[in-house]
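Structural features, examined
Chain residues, written in single-letter form:
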Amino acid sequence: MRNPVSEKAFHLLLAFALVLMSFTGVFAIISTAESNEVTADELFISEYVEGSSFNKAIEIYNGTGEAVDLSDYQISLYSNGAAQATQSLNLSGTLEHGDVYVLAHGSADSAILSIADVTNNTVINFNGDDALSLNKNSEVIDVVGEIGVRENFGQDKTLVRGSGVTGPVTVYQVLDWDEYASNTFAYLGSHVMDGVDPVDPPEEPGEPGNPDVDEYTIDEARQLADGTVVRVEGIVTADSRALSNGAQFTTYIQDETAGINLFAYNQDALPDVNKGDKIVVTGELATYNGLKEVVPASIEVVAENQPLPEPKQITLEDLQNPQIAENYEGQLVEVQGFINNIPASPAGGGYNVSLIDGDFNGTTLRVMENALDITQVEEDFWYDITAIVSQYNTYQLIPTEQADIVKSEVQPDPPSASGYYEATVERITDGDTIRIQDPVFGETRIRFLNMDTAETYAAKNKDPKRTEINANQKYYGDLATEHISTLIQPGDKIYLKVGDQPTDDYGRILAEVIREDGLNVNLEMVRAGFASTYFLAPIDEEAYPVYQEAVRTAEEQGLGIWNPENPLLELPFAFRANDDQKGFLRYVGNSDTMEYVEPDLWSTVPVDKRIFFVSAEEAESYGFHPEGSEEEPEEPVDPEEPVEPEEPNYVVIEPKKNNGTATIHNKEFDKVQDGDHVLINIYNEKKSRSLLLNKKQVDLLKEKNAYLTVTDGTKSETFKMTDVKTSVLKVTLK
């Protein structure tokens, strides 16, 4: 048993997942009056190593606040998908608070054996498809892998429990674990849990008492195995304060050969560093979700105000090719792209901005709150961007200051993200989230649009009054996951139907998932009663009535979550609000009455009429008014008073795309003045007679009190735009 070090490396870009990872299992969280330290009431598995040959180990952590007698505990192995334990090992000794207990295979690498508290060649002889459990008095209290299921969850991986996990769970939660490359041993022998103060850290690599450390160029270091202790020198390309969250430390350095990330979970004695500092770093190599990094034990600033490396010119297409993109990882680059979506709120300390090019190659522009003011960046413009190439399973870009995002002098026609994208299912996460094999817009996570299924994570709110609610939510979450697994499976070819807003606040692709046979999986989940509808403004005007009819029918028939004998006790969005204890934040509109209510009154709006808004102002921008209020009547016109007719000013606008449903560039509407009459001719040779105006265009025409006439040369339709109640406008001439 060893005392924990004060850092366990997690990468800053873990921030994408931190919002989800905060939903972790906790048996009980205790905060005493004498201390601000958070404790859990049970031991849990904190690390799993399944490397090459016999490099296998399990680490158990005590965060309970007191020493624990291990004689009541056992580790069990479930080989090849067995439902019952095939091997078990009784533990012994005493595990101090904040300490870990490491079990290793007797033929493991010396780096593992030097840390191990006990060696064993039966239980600690697992493969990546064998589940393990931590038991107390023969009762399972924690697991890694799913008991009774043979699935390669851990082959050739090191899995480290996230610092936000503060207790064991009896159902394996993928998002609770941080994944590292095979034969990563850097974190074995210590663990960090949020709220527990580190105690007596051992010597770090490179500190006095350790052997001399070899110095490498950054490129040479990048080629070495994780766990290797290195010394590298480079120029800092980002202020550490700009990229770091809380007590974390992160930045990037670059020399003439390559670039690399530096990351420590706790900054402790590490100094703040600034752009242009030349530093010497000693630390251990690690890989987190594909990103090569150094976990620094020491940093020495040897010079300041040094010239930054010249950014390299790349394209977004380059980032789609791992063989090309890997060569740029950790380095400054320049790229041009179109920002088509900026989330309304940050996720994990930063905004996941969607960046695409004219051919719809895309990536995530990860804008940290401390780096620059996101309100100074506008959607629907092309930008010249200077950033560092990073990675979180797929390659991303990290700008480091306001001057890194500059509007392009020439603004080409904007691309549209909406359309169908072919993809292959990699795995099913839960009832409304999957991963695909190859990224779309630089992202592999897909969040199903227009629907919401019960959550599967272990509840955080452990109020005894919520015990039944938590179990009920998990029950229906698991049922949804099981049902969607009958509709699509890993390896299936699918089509992603993406709208004008391609990503959510977490950077996930928002899409309807269509099978090759044409089945809309999102809609089918609603029809079968495994999902509720969930519409956030702006909505798809065509999809909305179809989904709402489906949920109305499922509710009337008592299907799935609507079963009157055993209903879902809280809809997923309500469960999240109560489990987080943040309350309800979104205003809710009734699409029939065009009224909206305060967030806490959401239940007064029927499920098949609900549209959610981030604010009252947004609701009113879509034509909704507060419940119970009356819209001001128009000023009556005196019939005796003659009205001089005014000749309208006509503005002719040409569609940009006219081989199907016609669309128009936003900038075409810049010439519209107050009271103008806009004329759009949608004639085309394919005889398609439809026009689609987006929300921004509709809002502008309303603001300008404009009239709109759509014609194909033979038929026409005219709208007074202030009377239009929809957020987008689709006109079809028949």
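Data block above holds the structure.
An account of the accompanying structure is given in this report. (Residues numbered from 1 in each chain as written. Predicted model: local features only at pLDDT ≥ 70, side-chain atom pairs only at ≥ 80, totals over all residues. Heavy atoms only, no water.)

**A few points about the sheet that holds strand β11 (residues 131-136)**
Judged by pairing direction, the sheet is antiparallel, and its 4 strands sit side by side in the order β7-β6-β11-β12 without closing on themselves. The open sheet has two free edges, formed respectively by β7 (87-90) and β12 (139-144), since each of these has just one partner strand. Here the average twist between neighbouring strands, direction ignored, is 25 degrees. Taken together, the 4 bridges between strand β6 (residues 73-78) and β7 define a ladder with antiparallel strand orientation. Pairing of Gln74 across the sheet is with Asn90, part of β7. (Pairing = 2+ DSSP bridges. Helix = DSSP H or I, 4+ residues; strand = E, 2+ residues; numbered from the N terminus. Axes fitted to C-alpha atoms, helices over the stretch in contact; angles between N-to-C directions.)

**Focus on the nonpolar core**
The biggest cluster of nonpolar side chains holds 65 residues, and the ones touching the most others in it are Ile434, Ile494, Leu496 and Met525. When residues in this core are grouped by element, the largest group, 6 residues, is from helix α8 (residues 543-557). The contacts of Met525, once residues within four sequence positions are left out, are Gly431, Met451, Thr453, Ala480, His483, Ile484, Leu487, Phe530 and Ala531. Tyr73, Leu134, Ile141 and Val143 belong to the second-largest nonpolar core, a separate cluster that totals 27 residues. (Core = buried A, V, L, I, M, F, W, Y, C linked by side-chain atoms within 4.5 Å. Buried < 20%, exposed > 50% of the residue type's maximum accessible area, 1.4 Å probe, protein only. Contact = heavy atoms within 4.5 Å.)

**Some remarks on helix α11 (residues 695-703)**
Of all the residues in α11, the buried ones are Gln697, Val698, Leu701 and Lys702. Down the axis of α11, the sector holding all buried residues measures 135 degrees, keeping them to one side. Considering only its buried residues, α11 is in contact with α10 (616-621), β41 (677-681), β42 (690-693) and β45 (729-732). One or two residues past the end of α11 sits Asn705, with phi positive at roughly 50 degrees. (Arc of directions from axis to C-beta.)

**Some details on the pattern of salt bridges**
Two side chains with opposite charge may pair up if their charged atoms get near one another. Counting across every chain of the model gives 29 salt bridges. The partner of Glu512 in a salt bridge is Lys497, with the nearest N and O atoms 3.8 Å apart. One end of the pair, Glu512, is in strand β33 (residues 509-515); the other, Lys497, is in strand β32 (residues 493-503), with 15 residues separating them in the sequence. Take Lys497: its relative accessible area is 28%, and that puts it in the partly exposed class. Overlapping salt bridges, with partners in common, bring together Asp432, Arg447, Asp452, Glu455 and Arg576 in one network. (Salt bridge = Lys/Arg side-chain N within 4 Å of Asp/Glu carboxyl O.)

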